[in-house]
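The lines below spell out each chain.
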Amino acid sequence: MDSALEPPVLRIDGDRLWSDLMELARIGAYEDEPTGLWGVNRQSLTDEDAAGRRLVVGWMEAAGLEVSIDPMGSIFGRRPGRRDDLAPVMAGSHIDSVGTAGAFDGCLGVLSGIEAVRTLNDSGIVTERPIVIAAFTEEEGVRFGTDMLGSAVAAGRIELATAHGLTDAEGRAFGDELRRIGFAGKGPALLDPPHAYVECHIEQGPVLQHSGAALGVVTGVQAISWQRVTIHGRAAHAGTTPTQLRADAGLAAAQIVVKVREMVDSGRFGRLRGTVGCLSVHPGLPSVVPDRAELTVDLRNPDDQDVEAAERELAGFLDSLPSSQPGLGVETARMARTSPVPFSADIQDTIEKAAADLGHAAPRLMSGAGHDAQEIAALAPTAMVFVRGQYDGISHNPREYSTPEDCAAGASTLLNTIARLAQEGTR
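Residues numbered from 1 in each chain as written. Predicted model: local features only at pLDDT ≥ 70, side-chain atom pairs only at ≥ 80, totals over all residues. Heavy atoms only, no water.

### Description of the environment of Leu120
In step 1: Mapped onto the elements, Leu120 comes out in helix 3 (residues 107-123).
In step 2: The class of Leu120 is buried, set by a relative accessible area of 0%.
In step 3: Non-local contacts of Leu120, meaning those with residues more than four positions away in its chain, are made with Leu10, Arg79, Ile125, Thr127, Ile131, Leu415 and Ala419. (Helix = DSSP H or I, 4+ residues; strand = E, 2+ residues; numbered from the N terminus. Buried < 20%, exposed > 50% of the residue type's maximum accessible area, 1.4 Å probe, protein only. Contact = heavy atoms within 4.5 Å.)

### Some points on the pairing of strand 1 (residues 29-32)
In step 1: With 4 bridges joining them, strand 1 and strand 2 (residues 37-40) adopt antiparallel strand pairing. By the bridge assignment, Tyr30 is partnered in strand 2 with Gly39.
In step 2: Counting the residues that bridge the hairpin from strand 1 to strand 2 gives 4 residues, and of these Gly36 lies at a positive phi of roughly 75 degrees. (Pairing = 2+ DSSP bridges.)

### Digging into a nonpolar patch on the surface
In step 1: On the surface, Val257, Leu279 and Val281 cluster together into a nonpolar patch covering about 220 Å² of accessible area.
In step 2: Note on placement: Val281 falls in strand 12 (residues 279-282).
In step 3: Accessibility expressed as a relative area gives 38% for Val281, which makes it partly exposed. (Patch = residues over 30% accessible without salt bridge, like charges linked within 9 Å, V, L, I, M, F, W, Y side chains within 5 Å. Areas by Shrake-Rupley, 256 points an atom, 1.4 Å probe, with all protein chains shown as cover. Salt bridge = Lys/Arg side-chain N within 4 Å of Asp/Glu carboxyl O.)

### Overview of the pattern of salt bridges
In step 1: Scanning the entire structure with this criterion turns up 31 salt bridges.
In step 2: Its salt-bridge partner being Asp176, residue Arg179 comes within 2.7 Å of it at the nearest N-O pair. Note that Arg179 and Asp176 are positioned in helix 6 (residues 174-180) at a spacing of 3 residues, about one turn of the helix.
In step 3: Of the residues examined, Asp176 reaches a relative accessible area of 45% and is grouped as partly exposed.
In step 4: Here the salt bridges share partners, and the residues they tie into one network are Asp47, Arg143, Asp168, Glu170, Arg172, Glu177 and Arg180.

### Here we look at the packing of aromatic side chains
In step 1: A full pass over the atoms with the stated rule returns 6 aromatic pairs.
In step 2: Note on Phe104 and Tyr401: the rings are 5.9 Å apart at their centroids and 90 degrees apart in plane angle, and the pair reads as edge-to-face. Highlighted residues: Phe104 in the loop between strand 5 (89-94) and helix 3 and Tyr401 in the loop between strand 18 (382-387) and helix 12 (404-421), separated in sequence by 297 residues.
In step 3: When its relative accessible area of 31% is taken as the criterion, Tyr401 is described as partly exposed.
In step 4: Ring geometry for Phe144 versus Phe174: centroids 5.2 Å apart, planes at 75 degrees, classification edge-to-face. With Phe144 in the loop between strand 6 (131-136) and helix 4 (149-154) and Phe174 in helix 6, this pair connects stretches of sequence that are 30 residues apart. (Phe/Tyr/Trp six-rings, centres within 6.5 Å; stacked < 30°, edge-to-face > 60°.)

### Observations regarding helix 10 (residues 345-357)
In step 1: Helix length check: helix 10 (13 residues) gives 18 Å between terminal C-alpha atoms against 18 Å at 1.5 Å per residue, within 8%.
In step 2: Within helix 10 the residues assigned to the buried category are Ile347, Gln348, Thr350, Ile351, Ala354 and Ala355. Down the axis, helix 10 shows its buried residues gathered within 160 degrees of arc, on one side only.
In step 3: Where helix 10 is buried, its residues contact strand 7 (196-202), strand 8 (215-221), strand 17 (364-367), strand 18 and helix 12.
In step 4: Positive backbone phi, at 90 degrees, marks Gly359, one or two positions downstream of helix 10. (Expected span 1.5 Å × (residues − 1). Arc of directions from axis to C-beta.)

### A word on the side chain of Glu203
In step 1: By secondary structure assignment, the location of Glu203 is in the loop between strand 7 and helix 7 (207-211).
In step 2: Here Glu203 is buried and forms no salt bridge, its nearest opposite-charge partner Arg388 lying at an N-O distance of 8.0 Å.
In step 3: Among the polar contacts made by the side chain of Glu203, one reaches the main-chain amide nitrogen of Val207 at a distance of 3.0 Å.
In step 4: Leave out the neighbours within four places in its chain, and Glu203 touches Leu208, Gln209, Leu365, Phe386 and Val387. (Lys, Arg positive; Asp, Glu negative; His and termini not counted. Polar contact = N/O pair within 3.5 Å; in protein donor to acceptor, adjacent residues only side chain to side chain.)

### A look at the packing of helix 1 (residues 14-25) against helix 12
In step 1: Two elements in contact, helix 1 and helix 12, have axes separated by 9 Å at closest approach and are oriented at 110 degrees. On the basis of the axis angle, helix 1 is roughly perpendicular to helix 12. From helix 1, Gly14, Leu17, Trp18 and Leu21 reach across to helix 12, where they touch Pro404, Cys407, Ala408 and Ala411.
In step 2: Of the residues contributing to the contact of helix 1 with helix 12, the split by class is 7 nonpolar, 1 polar and no charged. (Axes fitted to C-alpha atoms, helices over the stretch in contact; angles between N-to-C directions. Parallel < 35°, antiparallel > 145°, perpendicular 65-115°, else oblique. Nonpolar A, V, L, I, M, F, W, Y, C, P; charged D, E, K, R; others polar.)

This is how it looks when you write it as structure tokens:
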């Protein structure tokens with residue numbers, strides 16, 4: 001970077017950012033009885049998501065951004081640069097949520113980007129490169145079964161037709177729902193490679209809180225494997241059918257849950273994490289042996305070979321289940337599979353310097369969760385800013401919380417990072 005073009009150290013308006021976060025959180029809000037808190041349920045392409053999108057588009061337009069929408073419904077707000085022909089610096093994340101979310105996951109990244117643009121406007125700074133703020137569609141994957149969907153199509157990993165054909169639990173197709181809410185955009189599905197991509201996100205883990213750091217620099221994202229397992233058994237009377245004559249899909253599902261935990265605890269697969277996050281049995285009656293069970297298995301690991309080894313062992317275990325219960329059948333379907341993604345060392349250094357200039361030491365750490373950044377990393381140098389979460393970084397839960405001060409620190413770091421990157425390569 002040419003130091004003569006380096007902008008001054010800037011700080012966003014923390015109150016303005018916090019107000020936006022709280023206003024967006026009211027869309028899809030629900031009262032969570034177990035905690036007594038208000039959570040967010042704004043799943044992708046629902047009416048609530050559409051309302052959130054309209055609010056974000058309004059904020060982008062008010063900040064002077066030129067808004068466009070791609071065929072996946074991802075939203076892009078563009079701020080011109082002095083050299084508008086140069087590839088832009090992009091910042092973004094997502095605003096869709098899981099069914100039991102808080103106010104920060106994804107939203108902090110999108111709203112921090114909009115707030116960064118406002119601050120540049122307020123300061124009268126024109127960057128050499130354009131700046132684009134992105135809100136990608138269906139990052140969570142909870143409704144249509146594939147996470148990072150909008151950014152994966154933008155990066156070319158998933159075909160547009162494949163994405164549009166995905167269906168939710170009620171059989172509604174992604175493409176149909178996108179048109180229904182009025183966000184089926186035009187133009188190419190593939191994103192033109194930006195100069196760089198930076199994402200600000202809550203950590204969703206305990207590392208920063210335990211280290212006493214408000215911010216972190218993310219070095220990359222670990223490998224993720226999702227699959228859906230369907231077990232076909234035989235319905236039978238719970239009182240009259242001898243145990244040895246049963247094909248109990250519920251029992252097989254329980255054995256899979258235990259097997260996943262045993263694989264994690266064994267240490268045979270390095271730093272494996274395994275989760276059965278969805279589990280249902282049919283017909284779901286107390287006096288009937290289940291004839292079908294459906295569950296998901298989520299495996300994660302920083303080492304791709306360890307994930308592959310865990311997948312092989314799980315596959316072998318699934319193949320063995322019918323031998324223990326004659327008449328049992330097992331089907332598997334891949335939902336998602338991503339390899340570990342290392343982030344750009346240069347972008348990490350820029351984030352670290354931006355944080356230091358604001359008075360924050362920012363340790364480096366790997367992300368255990370998936371993010372849009374891992375998809376865009378296939379197109380451009382990429383890294384992330386993590387913001388400390390409270391309560392051991394709990395996320396996907398109404399207790400998810402980051403303080404106004406930490407959110408402002410993360411957004412200011414994002415601002416200074418993208419402002420500096422937007423001056424690169426201009427001489």
